[in-house]
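# Structure at a glance
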Amino acid sequence: MTTPGPLSLVPFISVDAMMRLVAETGVERFLAELAAYIEADFRRWPLFDKTPRVAAHAADGSIELMPTSDGALYAFKYVNGHPKNTREGRQTVCAFGMLADVATGYPLLLTEMTILTALRTAATSAMAAKYLAPKGAATMAIIGNGAQCEFQALAFKALLGIKAVRLYDIDSAATRKAARNLSLAGLSVTACRSAEEAVLGAEIVTTATADKARARILTDNMIGLGVHINAIGGDCPGKTELDPAILGRADVFVEYPPQTRIEGEIQQMPADFPVTELWRVVCGEAPGRGDAAAITLFDSVGFAIEDFAALRYLRDRIGADAARLDLVADPDDPRDLYGMLLRSGVAAAA
Ligand code: NAD
């Protein structure tokens, strides 16, 4: 639990501190605990403030702000998506974010969220799959073996008991990297030479590619009855992964329709294309997987409530020894902000 400090000193989780916390916890336990927080907030879905994220789009990528509040806590995340970045040695996705107290507006936590986003995306994917994937699924395919890949595999292992992973990426170096990392995690790993080969025998297919294009990572003939598709890479306008014919055959589940209709796979479909909100399934208000032959699709774009839940989890996990940032100006007399500056000597020359 967090030990309260001076309000002006805000707990700060650096990349290094995040890595230590995940290592101390164990990645799979972290993912399972995080998924429980996310599931709990999906159960409270109606009480959150919700808005499609505010996005600035450029030719090569997007920068997005993702805010939400449950009335007591407020959270936002800054996140980008620049598929070309990896060619220049940078992440496709980097992020940071903040949790704040609604009653005072004061920040409670500032944190790196690049690693946390990979963890929360994987935890959300696996949480959704608990309701949507065929029972007893043991094999998953992951197409796109970049930064998100291993987190996805480990979340499905932790929450669903996946035993085997079939990998494919257009860049075989990415597949070799993921296979090396995942072979240490007790999973049976198969590196495949095509997406068609990767999906063979997989009950769950995750697409996690990055390309700012209308891609066809999965074509209609590749998806048999009973498969669950977890599509995470189609997450901004003009960036999709699936043949629309698959959407026509699948039961489609989404986070927040006003955002997903702009950003998700369903941007390819008419505005009234039927979808089910995942929170309704989690609350027992709507069915998840209908029958064994159904094709289910989680058209994931990432929603602010998942980041809110991740920040809430982090707040409950950090200790009294967390680093603190002098982030909020805090004069003894709250109205004497200028006097504080004067006393510091900074404004003496004004
Ligand atoms: P990354 O750039 O690290 O990895 C993407 C991989 O996809 C690369 O290895 C690339 O070679 C591969 N790829 C590109 N085109 C391909 C194709 N046609 N077939 C097979 N592989 C292909 O990116 P990342 O951080 O792993 O993110 C993956 C995707 O997930 C991105 O599009 C990102 O925007 C998205 N994402 C979504 C969420 C969400 O909540 N839905 C969260 C995080 C990231």
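The paragraphs below set out a description of the structure included in this document.

### Structural notes on the overall build of the chain
- The helix and strand tally for the chain stands at 11 helices and 17 strands.
- In terms of principal-axis extent, the alpha carbons of the chain reach across some 75 × 45 × 40 Å.
- Looking at the chain alone, contacts between residues at least 24 apart form 71% of all its contacts between residues at least 6 apart.
- Put simply, the chain shows about 15000 Å² of open surface, and 57% of that area lies on carbon and sulfur atoms.
- Computed over 34 positive and 42 negative side-chain charges, the inter-centroid distance for the chain is 3 Å.

### A few points about the sheet that holds strand β7 (residues 139–143)
- As summarised here, the arrangement of the 8 strands in space is β9-β8-β7-β10-β12-β16-β14-β15, forming an open sheet in which the pairing is parallel. Only two strands of the sheet have a single partner each, and these edge strands are β9 (188–191) and β15 (276–277).
- With 4 bridges connecting them, strand β10 (residues 204–207) and strand β12 (residues 228–231) associate as parallel partners. Counted as the bridge partner of Thr207 is Ala231 from β12.
- Docked against the sheet, helix α4 (residues 149–160) engages β7, β8 (164–168), β10 and β12, running at close to 165 degrees with respect to β7.

### Focus: the sheet that holds strand β3 (residues 61–69)
- Here 7 strands make up an open sheet; going across it, the order is β2-β3-β4-β5-β6-β1-β17 and the pairing mixed. Across the chains shown, the open sheet's two edge strands, defined by having one partner strand only, are β2 (54–58) and β17 (323–326). Strand-to-strand twist of the sheet, defined as the mean angle between neighbouring strand axes without regard to direction, takes the value 20 degrees.
- In the sheet, β2 pairs with β3 via 5 bridges, with the strands oriented antiparallel. Bridged to Ala56 within β3 is Ile63.
- Packing against the sheet, helix α10 (residues 304–317) makes contact with β1 (9–13), β3, β4 (73–81), β5 (95–101) and β6 (107–112), and its axis sits at approximately 115 degrees to β4.

### Observations concerning the site of the ligand
- Neighbouring residues of the ligand: 26 residues in total, closest Thr92, Asp169, Thr209, Asp235 and Lys239.
- Between the ligand and the protein, one listed contact pairs an oxygen atom with a backbone N or O atom of Gly302 at 3.3 Å.
- When isolated, the ligand has an accessible area of 860 Å², and the protein chains bury 88% of it.
- Of the residues assigned to the shell around the ligand, the class counts are 11 nonpolar, 10 polar and 5 charged.

### A short note on the pairing of β6
- Burial analysis of β6 places 5 of its 6 residues in the buried class, the great majority of the element.
- Taken together, the 2 bridges between β1 and β6 define a ladder with parallel strand orientation. Within β6, the residue paired with Ile13 across the bridge is Thr111.
- Across 5 bridges, the pairing between β5 and β6 is antiparallel. Residue pairing across strands places Gly97 opposite Thr111, the latter belonging to β6.

### Thoughts on the pattern of salt bridges
- Counting across every chain of the model gives 24 salt bridges.
- Linking Asp307 and Arg120 is a salt bridge whose minimum nitrogen-to-oxygen distance equals 2.7 Å. Of the two residues, Asp307 sits in helix α10 while Arg120 sits in helix α3 (residues 114–132), which places them 187 residues apart along the sequence. Of the two residues, Asp307 and Arg120, neither departs from the other in class, the shared state being buried.

### Brief notes about the side chain of Thr25
- Counting through the fold element by element, Thr25 comes out in helix α1 (residues 15–25).
- Thr25 sits in the buried class, given a relative accessible area of 8%.
- In terms of polar contacts, Thr25 uses its side chain to reach the backbone carbonyl oxygen of Leu21, at 2.5 Å.
- Aside from chain neighbours lying at most four places away, what touches Thr25 is Phe30, Glu33, Tyr313 and Arg317.

### With respect to the packing of helix α2 (residues 27–43) against α10
- The interhelical angle for the contact between α2 and α10, taken along N-to-C directions, is 125 degrees, at an axis separation of 9 Å. Here α2 is positioned oblique relative to α10, judged by the angle of their axes. Every pair of crossing elements has a handedness; the one defined by α2 and α10 is right-handed. Counting all contacts with α2, which are made through Phe30, Glu33, Leu34, Tyr37, Ile38, Ala40, Asp41 and Phe42, the residues of α10 involved are Ile305, Glu306, Phe308, Ala309, Ala310, Arg312, Tyr313, Asp316 and Arg317.
- Split by residue class, the contact of α2 with α10 holds 11 nonpolar, no polar and 6 charged.

### Let's talk about the packing of aromatic side chains
- Following the criterion strictly, the structure yields 7 aromatic pairs and no others.
- With a centroid separation of 5.5 Å and 35 degrees between ring planes, the pair formed by Trp45 and Phe303 is classed as tilted. Here Phe303 lies in the loop between β16 (296–299) and α10 and Trp45 lies in the loop between α2 and β2, a separation of 258 residues in the sequence.
- Ring geometry for Tyr256 versus Phe303: centroids 4.9 Å apart, planes at 35 degrees, classification tilted.

The rules behind these values
- Residues numbered from 1 in each chain as written.
- Predicted model: local features only at pLDDT ≥ 70, side-chain atom pairs only at ≥ 80, totals over all residues.
- Heavy atoms only, no water.
- Helix = DSSP H or I, 4+ residues; strand = E, 2+ residues; numbered from the N terminus.
- Contact = heavy atoms within 4.5 Å.
- Areas by Shrake-Rupley, 256 points an atom, 1.4 Å probe, with all protein chains shown as cover.
- Lys, Arg positive; Asp, Glu negative; His and termini not counted.
- Charge placed at Lys NZ, Arg CZ, Asp CG, Glu CD.
- Pairing = 2+ DSSP bridges.
- Axes fitted to C-alpha atoms, helices over the stretch in contact; angles between N-to-C directions.
- Near = heavy atom within 4 Å.
- Polar contact = N/O pair within 3.5 Å; in protein donor to acceptor, adjacent residues only side chain to side chain.
- Nonpolar A, V, L, I, M, F, W, Y, C, P; charged D, E, K, R; others polar.
- Buried < 20%, exposed > 50% of the residue type's maximum accessible area, 1.4 Å probe, protein only.
- Salt bridge = Lys/Arg side-chain N within 4 Å of Asp/Glu carboxyl O.
- Parallel < 35°, antiparallel > 145°, perpendicular 65-115°, else oblique.
- Left-handed = near helix turned anticlockwise from the far one by under 90°.
- Phe/Tyr/Trp six-rings, centres within 6.5 Å; stacked < 30°, edge-to-face > 60°.

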